[in-house]
Structure formats: C-alpha cells, structure tokens
Amino acid sequence: VLALFSLLSIAHGLADMGMPGWSCSPELMRKSKSVPKSVHSLRPADIQIVGAMGDSLTAANGAGAEHNDILAVAIQYRGLTFSVGGDMSLDEHISMANVLKKFNPDLFGYSIRTGSANVWETAKLNAGIPGAGAEDMLEQANDIVRRLKEHPEVDYMNQWKLIHIFTGCNDMCGWCRHAENTAENFRDNIRRAVQVLQKELPKTIVVLTGMVDISLLRMADADHKFCQKIHGSECGCEANPDVTDEMLRNESNLYMQREQELQDSGEFDTADDFTLIIQPFFEGITDICRNPDGTPNMDFFAPDCFHFGAYGHAIVGKNLWNNMMQPVGGKSVGNFTDTGNPLLCPEPSCPFIRTTKNSVNCEQYMTD
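What counts, and where the lines are drawn
- Residues numbered from 1 in each chain as written.
- Predicted model: local features only at pLDDT ≥ 70, side-chain atom pairs only at ≥ 80, totals over all residues.
- Heavy atoms only, no water.
- Phe/Tyr/Trp six-rings, centres within 6.5 Å; stacked < 30°, edge-to-face > 60°.
- Helix = DSSP H or I, 4+ residues; strand = E, 2+ residues; numbered from the N terminus.
- Buried < 20%, exposed > 50% of the residue type's maximum accessible area, 1.4 Å probe, protein only.
- pLDDT = per-residue confidence, 0-100.
- Contact = heavy atoms within 4.5 Å.
- Salt bridge = Lys/Arg side-chain N within 4 Å of Asp/Glu carboxyl O.
- Pairing = 2+ DSSP bridges.
- Axes fitted to C-alpha atoms, helices over the stretch in contact; angles between N-to-C directions.

Draft legend 1. The arrangement of the packing of aromatic side chains in detail. If you walk through the whole model with that rule in mind, you get 13 aromatic pairs. Ring centres of Phe-282 and Phe-336 lie 5.9 Å apart, and the angle between their planes is 70°; this geometry places the pair in the edge-to-face category. One end of the pair, Phe-282, is in the loop between β6 (274-279) and α11 (310-325); the other, Phe-336, is in the loop between α11 and α12 (356-360), and 54 residues separate them in sequence. Across the pair, exposure class does not vary: Phe-282 and Phe-336 are buried alike.

In structure tokens form, the structure reads like this:
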C-alpha cells in the first residue's frame with residue numbers, strides 16, 4: 001500500500017488531498033467470483049452503484065470556492081463531496097466514490113462537476129439538497145428509489161448498491177429554537193427513510209455517517225469575525241451566545257447516540273441482502289484542522305468557515321473509507337488534522353465492507 005498523500009492545487013487553485021498510486025493486493029481488489037447473496041460478504045469491488053442523501057455538505061456547497069469568494073458557497077460542487085464525489089481520480093482527491101472506482105472502474109451513480117440535485121447529468125444519484133434536515137431524508141430516499149427504478153442502465157434488483165446518508169447539521173443549527181428538533185425525532189426521521197430503502201431496494205448497504213459536534217465550529221470562529229457574522233444566518237444555535245459549548249456538544253452527542261440505536265436495534269439486519277452500518281468517525285473528534293503552528297487551517301473550510309472545502313472533503317472522505325474497512329466495535333476516531341494516516345485496504349481475513357455480522361464472525365461469510 002502506498003501511504004503517500006499529495007497536497008496539491010486543483011484547477012480552481014485550492015488545496016486538496018489525493019493518494020497517488022494507491023492500491024491493495026490483487027486478491028483484495030478483485031470482485032467476488034460470483035455475485036454475493038449476502039451483504040455481509042460484500043467486497044468493495046462488488047459495489048456497482050453508489051448514491052447519497054443529505055444536505056449542503058453532501059451537495060458540497062462551496063467546496064471549490066476561492067477563499068475570498070463567499071458568493072461561491074451557493075455553488076454545489078457535487079463532484080468534490082466526500083461521499084459520492086467523482087471529479088478527478090483518487091490520485092488527486094479522496095472520496096468514498098473515488099476509492100471505490102479503484103476497485104470497480106465501472107461504478108455508477110457518483111456525482112460530477114457542479115449543479116443541483118435535479119440535474120441528472122451532474123448529480124446522478126446524489127440526492128442531497130442544501131438546507132435539508134433529517135425530516136427530508138424520506139423524500140430523498142423516495143427520490144433515489146425512483147431514479148434507480150426509472151434508469152434504463154440500472155438493474156436495481158440485482159446490482160449491489162451503496163447508499164450514503166449524512167444529515168443533522170441543519171437540525172442541530174435550529175435545535176435551540178425548534179422544540180421538534182429532538183434527538184429522538186432526528187433518529188425516527190432517518191429510520192423512516194431507511195425503511196423505504198429496505199422495502200424498495202434489494203442488494204443494498206446503507207452507510208450512515210454519524211453526527212458531527214457542532215461546537216467545533218466555534219474554534220474556527222474564534223479569530224474570524226467574518227465567520228462569526230455569517231454563522232448567525234447559517235447556524236443560529238452555534239452563533240447564539242446563550243448556548244454554551246457544553247450544550248452544543250451534549251446535544252450533538254445525543255444525536256450521535258440516537259443514530260447508533262438504528263444500527264444496534266437490529267431492525268435493518270433482518271434480510272441477507274440489506275443492512276445499515278453507522279460510521280462514527282466524527283464521534284470523539286475534539287479539535288478542528290490545524291496548521292503546524294497550531295492555528296486553524298482554513299483550507300479545511302469553504303469561505304463561510306462552515307462547509308468543507310475540497311481539502312476538508314478529502315480528509316472526511318478518508319476517515320469515512322477507513323471506518324468502512326474497520327469492524328464494528330473497532331472503528332477509529334477521525335482526525336481533521338491529517339497526519340498521514342494510511343488509506344486502509346480491506347483486511348485479508350475479512351475482505352468485505354464491515355457489517356455488524358461479519359464483525360462478529362467473518363469466517364462464515366468467506367464464500368470464495
């Protein structure tokens with residue numbers, strides 16, 4: 001494995017991070033010899049279709065914006081999003097989709113370039129919509145189901161699909177003002193969306209990225225008056241002086257815990273060809289991305305100090321992928337200040353995307 005990261009300037013002149021020449025052993029890169037019947041025997045190369053649900057972070061608002069171009073935060077740079085962004089290659093930009101393309105160059109559904117969710121040519125199966133909250137995930141789930149069923153090149157009954165979900169920032173940003181934004185409602189809104197996917201999409205693994213601690217934004221705000229001002233409109237609870245860091249942290253953690261219940265309940269582990277796995281790398285992160293001198297590394301952020309920049313998406317994408325390769329109960333805490341940790345290959349003893357069941361006993365799923 002080549003664990004060499006590349007910091008480079010992409011076309012729009014911003015810092016980014018790729019992994020030039022990364023690969024795993026041929027045995028770990030290959031597809032299964034026959035199409036897996038079990039989601040717990042799913043190699044990365046078996047994934048044929050990717051899709052995503054979420055908010056402006058999934059739409060990658062501002063990811064390709066110049067540092068001083070606040071208006072460009074309105075642009076949805078979907079091709080750079082940490083989950084299903086497919087611009088460039090893994091050599092130049094880390095995303096879950098760009099890693100999966102190394103295993104399966106024919107991967108379908110990843111987003112490219114810029115545009116809104118309803119522009120198929122660029123969005124593909126990225127259904128994320130800026131401003132969306134957990135209550136909107138049901139509509140997005142139905143949208144993805146519709147797109148898959150209607151597309152002539154998709155055999156949704158027989159092709160293995162990975163649907164990524166990341167939501168909650170907008171819920172938390174309004175939590176202190178809206179009584180309905182409870183952690184329980186947050187969980188139940190996601191549950192209803194996943195139930196639609198479970199009912200309508202066979203051969204699907206749902207990857208849920210857990211909630212991020214909104215209080216971390218205040219560390220980026222500390223020496224940036226402009227960021228403080230703009231967050232007043234973008235994230236009211238984070239900008240509210242009556243809401244303490246501890247209050248934000250505790251509620252964010254409660255959102256994380258309620259998401260974990262969706263996996264732990266077992267309700268999405270009742271069929272061999274469907275499961276939900278939470279990737280909790282945000283849980284436990286206690287600091288933002290920093291420069292060697294300890295100052296905030298603003299390359300992580302878009303110009304509004306809220307959304308991720310291209311570099312931030314790459315760091316988050318690496319942490320997402322690494323969690324996917326780690327067993328349940330053994331997933332690492334993420335690290336925003338990238339220190340050169342390697343991008344992981346599948347484990348030879350369990351060369352699958354890790355699930356609750358293959359994390360307990362993988363041997364029974366080693367079919368070929």
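Draft legend 2. Structural detail: the confidence of the model for the protein chain. Looking at the protein chain as a whole, its pLDDT mean stands at 93, while 96% of the residues score no less than 70. At the low end of the mean pLDDT range in the protein chain sits strand β1 (residues 6-9), at 34; at the high end sits strand β4 (residues 161-166), at 99. Below a pLDDT of 50 lies the segment residues 1-12, which in the model reaches 45 contacts outside its immediate sequence neighbourhood of four places, other chains included.

Draft legend 3. Main features of the pattern of salt bridges. Under the definition given, this model contains 16 salt bridges. Residue Asp-143 pairs with Arg-147 through a salt bridge whose shortest N-O separation is 2.7 Å. Here Arg-147 and Asp-143 lie together in helix α4 (residues 137-150), a separation of four residues that amounts to about one turn. The pair formed by Asp-143 and Arg-147 is uniform in burial state, with each residue classed as buried. Among the salt bridges present, the one from Glu-184 reaches Arg-258, with a minimum N-O distance of 2.9 Å. Of the two residues, Glu-184 is situated in helix α6 (residues 183-200) and Arg-258 in helix α10 (residues 245-264); the sequence distance between them amounts to 74 residues. Using a relative accessible area of 30% as the deciding quantity, one classes Glu-184 as partly exposed. One network of salt bridges, with partners in common, ties together Glu-184, Arg-187, Asp-188, Arg-191, Arg-258, Glu-261 and Glu-267.

Draft legend 4. Region of the structure containing the sheet that holds strand β5 (residues 204-209). One open sheet accounts for four strands, arranged β3-β4-β5-β6; its pairing is parallel. Unpaired on one side and paired on the other, β3 (49-54) and β6 mark the two borders of the sheet. On average, each strand axis in the sheet is inclined to that of its neighbour by 20°, with strand direction left out of account. The pairing of β4 with β5 spans five bridges and is parallel. Within β5, the position partnered with Ile-165 by the bridge is Leu-208. Sitting on the sheet, α4 touches β3 and β4, and the angle it makes with β3 is about 155°. Its contacts with the sheet put α10 on β5 and β6, and the angle it makes with β6 is roughly 150°.

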